[in-house]
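Okay, here's what each chain looks like letter by letter:
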Amino acid sequence: MVALLVLAVVEIPAWVTVQANRQAEAASSIDRAVLAMRVRKWGSERTLQAAAYGNTKGNSGPWVWILNGGLVMSTWDSGPGLDSSLARELYYRAYGRLFTDSPPRMRSMILGDGEGRGPDSTDGFAWDGDVGGTTVGGAKMKGLRLQGSRIDWHLDEASRLAYGEWTLEFYNRHANAQEARCQMLLPPGAFVSRLTLWVNGEPREAAFAGQAKVREAYQKVAVQERRDPVLVTQVGPDRVLTQCFPVPADGSMKIRLGITAPLPEGVLHLPLLLERNFMVMEVLRHAVDVQCTSAFSAGSAEATAASGQPYRWRAELKDADLAMLSCRLANPAKPEALWCEDPLAGDKPRFVTATPRDKAGEPVKKWIVVIDGSESLRPRLNDVRSALEHLGKTASVRTLVAIGGSYEELGKDDTPVASAFRGGSDNSAALTHALDLARTEPGTEVLWLHGLQPFAFADLQALQQLIERSHPPLSLHALALVQGPNRFLESLSRHASVESPARCPDLPSLLAALDLCSGLRPNLGWDYARGEAAPAAGKKVWDHLSRAAVFDEVMKGYQNGAAAEGLAALAAQHHLVTPVSGAVVLETLEQYRAAGLDPGDPNASPKMPLGIPEPSRSLLVMIGIAWLILRRRRE
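Thresholds, definitions, all that
- Residues numbered from 1 in each chain as written.
- Predicted model: local features only at pLDDT ≥ 70, side-chain atom pairs only at ≥ 80, totals over all residues.
- Heavy atoms only, no water.
- Pairing = 2+ DSSP bridges.
- Helix = DSSP H or I, 4+ residues; strand = E, 2+ residues; numbered from the N terminus.
- Axes fitted to C-alpha atoms, helices over the stretch in contact; angles between N-to-C directions.
- Contact = heavy atoms within 4.5 Å.
- Buried < 20%, exposed > 50% of the residue type's maximum accessible area, 1.4 Å probe, protein only.
- Salt bridge = Lys/Arg side-chain N within 4 Å of Asp/Glu carboxyl O.
- Left-handed = near helix turned anticlockwise from the far one by under 90°.
- Nonpolar A, V, L, I, M, F, W, Y, C, P; charged D, E, K, R; others polar.
- Parallel < 35°, antiparallel > 145°, perpendicular 65-115°, else oblique.
- pLDDT = per-residue confidence, 0-100.
- Core = buried A, V, L, I, M, F, W, Y, C linked by side-chain atoms within 4.5 Å.
- 1 Å grid on protein atoms, 1.4 Å probe; cavity = no way out; pocket = protein on both sides within 12 Å on 5 of 7 lines; lining within 4 Å.
- Points joined across faces, edges and corners; volume = space filled by probe spheres on them.
- Polar contact = N/O pair within 3.5 Å; in protein donor to acceptor, adjacent residues only side chain to side chain.

Asker: Any chance you could explain the sheet that holds strand S8 (residues 239-247) here in plain terms?
Answerer: In a beta sheet, neighbouring strands are held together by backbone hydrogen bonds and run either parallel or antiparallel to one another. Here we have six strands laid out as an open sheet, ordered S6-S27-S7-S8-S3-S11, and antiparallel in their pairing. Each edge of the open sheet carries a strand with a single partner, namely strand S6 (207-210) and strand S11 (272-276). For this sheet, the mean angle separating the axes of adjacent strands, direction not counted, is 30°. As judged from the four bridges shared by S6 and strand S27 (residues 581-585), these two strands associate in the antiparallel manner. Within S27, the residue paired with Phe208 across the bridge is Ala583.

Asker: I tried to follow the environment of Thr293 on my own but got confused; where do I start?
Answerer: Mapped onto the elements of the fold, Thr293 is located in the loop between strand S12 (286-292) and strand S13 (296-298). Put simply, Thr293 and Pro310 are 17 residues apart on the chain and 4.6 Å apart in space, counted from C-alpha to C-alpha. In contact with Thr293, not counting residues within four places along its chain, are Leu155, Pro310 and Tyr311.

Asker: Where do I start with the pairing of S27 in this structure?
Answerer: Within a regular strand, the side chains alternate between the two sheet faces. For S27, the buried fraction is high: five of the five residues fall into the buried class. Burial along S27 is two-sided: Ser581, Ala583 and Val585 facing one way and Gly582 and Val584 facing the other are all buried. In the sheet, strand S7 (residues 230-236) pairs with S27 via four bridges, with the strands oriented antiparallel. Paired with Leu231 across the bridge in S27 is Val584.

Asker: I would appreciate a short explanation of the sheet that holds strand S16 (residues 326-329) in the present structure.
Answerer: Strand order in this open sheet of four strands is S10-S16-S13-S14, and the pairing throughout is antiparallel. Only two strands of the sheet have a single partner each, and these edge strands are strand S10 (267-269) and strand S14 (301-302). Pairing of S10 with S16, which is carried by three bridges, proceeds in the antiparallel orientation. When the sheet's bridge partners are listed, His269 is paired in S16 with Ser326.

Asker: Hey, could you run me through the environment of Glu316 in this one?
Answerer: Inspection of the secondary structure puts Glu316 in strand S15 (residues 311-317). Taking the C-alpha atoms as reference points, Glu316 and Val288, 28 residues apart in sequence, are found 6.0 Å from one another. Beyond its immediate stretch of four places on either side in the chain, Glu316 contacts Arg285, His286 and Ala287.

Asker: Would you mind going over the pattern of salt bridges with me for this structure?
Answerer: It is possible for side chains of opposite charge to pair when their charged atoms get near one another. By the definition in use, this model includes 23 salt bridges. The shortest N-O distance in the salt bridge between Arg194 and Glu165 comes to 2.8 Å. With Arg194 in strand S4 (residues 191-199) and Glu165 in strand S2 (residues 161-172), the pair connects residues that are 29 residues apart, well separated along the chain. For Arg194, a relative accessible area of 7% puts it in the buried group. For Glu165, a relative accessible area of 9% translates into the label buried.

Asker: When you look at the packing of helix H7 (residues 381-392) against helix H11 (residues 507-518) in this model, what are you seeing that I'm missing?
Answerer: Helix-helix packing: each pair is described by the crossing angle between the helix axes and the interaxial distance. At a minimum axis distance of 10 Å, the contact between H7 and H11 shows a crossing angle of 35°. H7 and H11 meet at a crossing whose hand is right-handed. Residues Asp383, Ser386, Ala387, His390 and Leu391 of H7 form the contact with H11, whose own contacting residues are Leu507, Leu510, Leu511, Leu514, Asp515 and Ser518. For the contact of H7 with H11, the class distribution of residues is six nonpolar, three polar and two charged.

Asker: Please explain the packing of helix H8 (residues 428-440) against helix H9 (residues 461-469) as it appears in this structure.
Answerer: Here H8 crosses H9 at 25°, and the two axes come no closer than 9 Å. Judged by the inter-axis angle, H8 sits roughly parallel to H9. Of the two possible hands of crossing, H8 and H9 adopt the one that is left-handed. Contact residues: Leu431, Thr432, Leu435, Asp436 and Arg439 in H8; Ala462, Leu463, Leu466 and Ile467 in H9.

Asker: Please explain the confidence of the model for the chain as it appears in this structure.
Answerer: Parts of the prediction with low pLDDT should not have their coordinates interpreted in detail. Considering every residue of the chain, the mean pLDDT works out to 86; 86% of them sit at 70 or more. Mean pLDDT across the secondary structure elements of the chain bottoms out at helix H15 (residues 617-634), with 40, and peaks at strand S19 (residues 366-372), with 98. For residues 63-79, every residue scores under 50 in pLDDT, and the model assigns this stretch 48 contacts once sequence neighbours within four places are set aside. Across residues 612-635, confidence stays below pLDDT 50; counting only partners more than four residues off in sequence or on other chains, it has four contacts.

Asker: I would appreciate a short explanation of the nonpolar core in the present structure.
Answerer: Nonpolar side chains tend to gather and get buried jointly when the protein is soluble and globular. Formed by 71 residues in total, the largest nonpolar core has its most connected members in Trp153, Leu155, Phe170, Leu268, Phe278, Phe296 and Trp313. Contact partners of Phe170, with chain neighbours within four places excluded, come to Arg145, Leu146, Gln147, Ala180, Cys244, Val247, Gly251, Ser252, Met253, Ile255 and Phe278.

Asker: When you look at empty space enclosed by the protein in this model, what are you seeing that I'm missing?
Answerer: The rolling of a water-molecule-sized probe over the atoms marks out the regions of remaining empty space. Tallied over the entire structure, the rule returns two cavities of 30 Å³ or more. Within this model, the largest cavity holds a volume of roughly 90 Å³. In this structure, the largest cavity is lined by Leu185, Leu186, Pro188, Asp238, Arg239, Ala480, Gln483, Leu489, Ser500, Ala502 and Arg503. Within the lining of the largest cavity, the residues separate by chemical class into six nonpolar, two polar and three charged.

Asker: It is not clear to me how the side chain of His286 should be interpreted in this structure. Could you clarify?
Answerer: Turning to its location among the elements, His286 is positioned in strand S12. Overall, the relative accessible area of 0% leaves His286 in the buried class. Within the structure, His286 has its side chain in polar contact with the side chain of Ser149 (distance 2.6 Å). Polar contacts involving the side chain of His286 include one to the side chain of Asp319, which spans 2.9 Å. Sequence-distant contacts of His286, that is, excluding residues within four places in its chain, are made with Leu146, Ser149, Ile151, Trp166, Ala315, Glu316, Leu317, Lys318, Asp319 and Leu322.

Given below as structure tokens:
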């Protein structure tokens with residue numbers, strides 16, 4: 001009897017966890033936060049993680065628990081199966097991190113199934129229900145990993161633009177073909193302007209079209225025909241979803257994304273992986289190579305230049321180091337009028353001009369600050385306190401801390417305390433209240449200091465409604481202190497008044513971003529125009545300027561409610577991935593014809609500059625002829 005009582009007591013945490021999962025389905029966001037707190041205090045992390053990974057029905061009892069050396073939900077519970085998606089949300093709410101941050105638990109060797117042993121055997125599970133979908137999905141797939149990564153950038157000081165190419169190679173050691181998916185965070189204001197897939201060792205360029213059209217082509221080829229496509233679509237501000245299938249069994253797949261990025265303050269932040277369904281092994285290094293014709297620094301290191309060559313910096317970085325690295329021009333020249341010839345203009349005027357302007361308005365006098373109370377922000381609590389103090393020097397500040405599924409308002413002289421940052425908080429109620437307050441207090445703007453928000457948590461209709469129907473428009477400035485997926489920003493990306501203007505990996509960059517949002521420092525923008533002839537004034541620069549002009553035009557049209565079809569056609573003509581357009585590479589010409597797409601033209605794709613351009617052969621011939629003529633005249 002005593003033994004049975006002991007086993008029953010041991011099973012209580014699993015029982016608490018299962019009951020919380022079942023009650024969460026009909027619970028409000030606030031009630032789910034209470035259930036998550038109960039799990040954090042009394043439940044079993046292992047049971048909840050197992051449910052999140054797909055073990056949605058307990059199939060073992062206390063004796064198997066003993067053999068496994070851990071806790072598995074007992075067969076004594078005969079209720080309905082657990083909801084895997086709810087388990088994933090509850091796990092984040094309870095512990096403040098994604099369930100995939102830890103691999104699934106190894107199974108016991110005593111049970112004899114052998115699963116969980118070996119270098120790649122605990123990195124996920126084999127069943128993937130998200131192939132061809134619109135999200136990365138929950139778990140990392142078994143045996144699928146990033147095998148190689150190369151990142152090349154060229155910074156162009158004259159145009160204040162950079163172009164980079166990120167080449168990724170995936171390897172699949174599983175017995176079945178798998179789809180590699182990831183959400184990437186691009187540099188602020190950047191966009192994808194090239195996509196390449198290697199097919200049988202040969203690079204193939206992407207076709208660009210409306211998002212629905214390229215996704216339909218990808219799903220048909222990837223899911224139905226199981227051939228070799230890759231798809232890139234924009235899913236939020238500076239966020240793109242990349243999918244490629246199939247990464248063959250015991251084989252690899254190689255892709256390349258070209259990225260055009262603005263350098264408004266002469267600073268470039270590298271792209272990051274926010275979400276992925278594949279492993280990045282600890283031994284992997286990203287080979288990063290950055291060049292510029294003028295001096296620049298990368299982190300604390302200065303770029304070097306050989307005689308007659310551009311400045312260059314290269315390193316091999318761990319995945320975690322990418323988030324902290326930025327490249328900065330040493331002495332960026334004052335912006336001036338620019339122009340270029342648009343090689344993809346079609347029947348539009350082919351000369352593009354850009355005139356610089358300062359977008360900064362009147363300094364903000366009233367702030368409502370929403371602080372994400374999730375545990376992931378606790379290491380940056382001192383930065384949060386410094387930010388509040390910095391804002392208070394020039395404006396009045398009202399502070400809300402999102403806690404669980406609700407919020408608390410701090411007193412005027414109060415600062416956030418570490419004990420408030422627990423689990424993963426739903427920020428929707430705090431943001432809705434802050435925007436509602438700003439609506440009733442003219443001149444007030446909302447600042448959101450946040451970490452990841454990997455779930456929508458609650459219905460965002462009230463938040464959408466406040467932003468869409470408020471006049472004058474409400475301003476929401478979102479600054480990520482911890483990078484990760486953010487479903488709120490994805491949902492609100494259509495609104496021009498919602499901006500995520502800068503990366504803030506440390507306190508100096510955070511304070512600089514606050515001054516930018518507050519209107520206390522210049523905010524470089526450009527006014528674009530087209531003409532039939534080259535302008536008499538201004539500096540000629542590379543044709544990435546025309547891509548930036550078209551991206552600006554598409555984004556303004558998208559945010560102002562213009563017809564998506566026309567915007568998608570314009571973006572596709574200039575080979576851009578935008579909220580209304582995407583890029584897909586298919587394997588054969590027949591597949592392109594069946595999808596109504598034109599295969600990508602390699603000659604129309606942007607290229608990475610290779611050092612300082614050398615004189616062309618025709619120019620050298622002309623110089624030689626001129627020299628001969630001059631010599632003959634002298635003789």
